[in-house]
Amino acid sequence: MFEPWLAKIVAKHARRGLLLDSNLFVVYCVGSIDPARIQQEKVTRHYNSNDFRILDYFIRRFAHLLTTPNIMTEVSNLSGHLRGDMRAVVRTALRENVVQVLREEYVSTNDAVQNQSFVHFGLTDAAINVQGQAGNLTLTDDLDLSILLHRQGSDCIHYTNALRFLSIDN
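Residues numbered from 1 in each chain as written. Predicted model: local features only at pLDDT ≥ 70, side-chain atom pairs only at ≥ 80, totals over all residues. Heavy atoms only, no water.

Within the secondary structure, Glu74 is located in helix α4 (residues 69–79). Residue class for Glu74 comes out partly exposed when judged on its relative accessible area of 30%. The spatial distance from the C-alpha of Glu74 to the C-alpha of Asp21 is 9.2 Å, given a sequence separation of 53 residues. Every residue in contact with Glu74, bar those within four places of it in the chain, is listed here: Ser22 and Thr124. (Helix = DSSP H or I, 4+ residues; strand = E, 2+ residues; numbered from the N terminus. Buried < 20%, exposed > 50% of the residue type's maximum accessible area, 1.4 Å probe, protein only. Contact = heavy atoms within 4.5 Å.)

With that settled, consider the packing of helix α8 (residues 123–133) against helix α9 (residues 143–151). Contact pair α8 / α9: the axes reach a minimum separation of 10 Å and the direction vectors enclose 30 degrees. Considering the angle they form, α8 stands roughly parallel to α9. Viewed along their axes, α8 and α9 form a crossing whose handedness is right-handed. Listed contacts from α9 to Asp125, Ile128 and Asn129 of α8 are Leu145, Leu148 and Leu149. Class assignment of the residues belonging to the contact of α8 with α9 gives a composition of four nonpolar, one polar and one charged. (Axes fitted to C-alpha atoms, helices over the stretch in contact; angles between N-to-C directions. Parallel < 35°, antiparallel > 145°, perpendicular 65-115°, else oblique. Left-handed = near helix turned anticlockwise from the far one by under 90°. Nonpolar A, V, L, I, M, F, W, Y, C, P; charged D, E, K, R; others polar.)

Another aspect to go through is the packing of aromatic side chains. Considering all chains together, one arrives at five aromatic pairs under this definition. For the pair Tyr28 and Phe52, a centre-to-centre distance of 5.7 Å together with 35 degrees between the ring planes defines the contact as tilted. One end of the pair, Tyr28, is in helix α2 (residues 22–33); the other, Phe52, is in helix α3 (residues 49–59), with 24 residues separating them in the sequence. The buried category is assigned to Tyr28, whose relative accessible area is 16%. (Phe/Tyr/Trp six-rings, centres within 6.5 Å; stacked < 30°, edge-to-face > 60°.)

A few words on the environment of Ile38. Looking at where Ile38 falls in the secondary structure, it is placed in the loop between α2 and α3. By relative accessible area, which is 0% here, Ile38 ends up buried. Expressed as a C-alpha distance, the spacing of Ile38 and Leu55, which sit 17 residues apart in the sequence, is 13 Å. Setting aside residues up to four positions removed in sequence, Ile38 forms contacts with Val27, Val30, Gly31, Thr44, Arg45, Tyr47, Asn48, Ser49 and Phe52.

So, in C-alpha cells, the structure goes:
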C-alpha cells in the first residue's frame, strides 16, 4: 500500500506515535463527525472526505497520536471558525473523547522560542521542530515546515506530497 520509504518510516515510528499538525488535526476532527462537512467549512475546505479516509487510515498505523499544547491551542482556535453546530460538536468531542487518548509532549515556551526556527515559523512550529529533533515523526501539510524538518534530519511526512493521492480500501 505504501511506498517503501513510507512503509519504513511508519514501521520506525509505529510504536512511538505520530505528531499531527493542527490543520490536519482539524480535518480529522471534522471528518470523524461528518466527512461531508469537510469541504463546507472554511478552515477545511481545501480537503475532502477522501482526505479524512486517508488520514484515518494512516493515523491508525500508530500506537499513539502525539500533540503539544501549542498544537491543541491552534486546533481550538481553528475550530472556532467552524460554522454553527460543528464548532460545538468538535470542541465537545475534543473535551470528552480526544484529549484523553492523546499523548501530549510538552515543549516549554522558552525552549520553543530558543529554537532557531521560532523567528520565521512561530511558536507552534518551533515546538514541532523541537519534537522533531527529539525523534518524533510529524505529519503536516505545511510545506515550509516539512522542508525545515527534513533539512534538520527530522522524520516528517508532507501530507499532499506523500499521502493525499493514496488509494486505500476500507
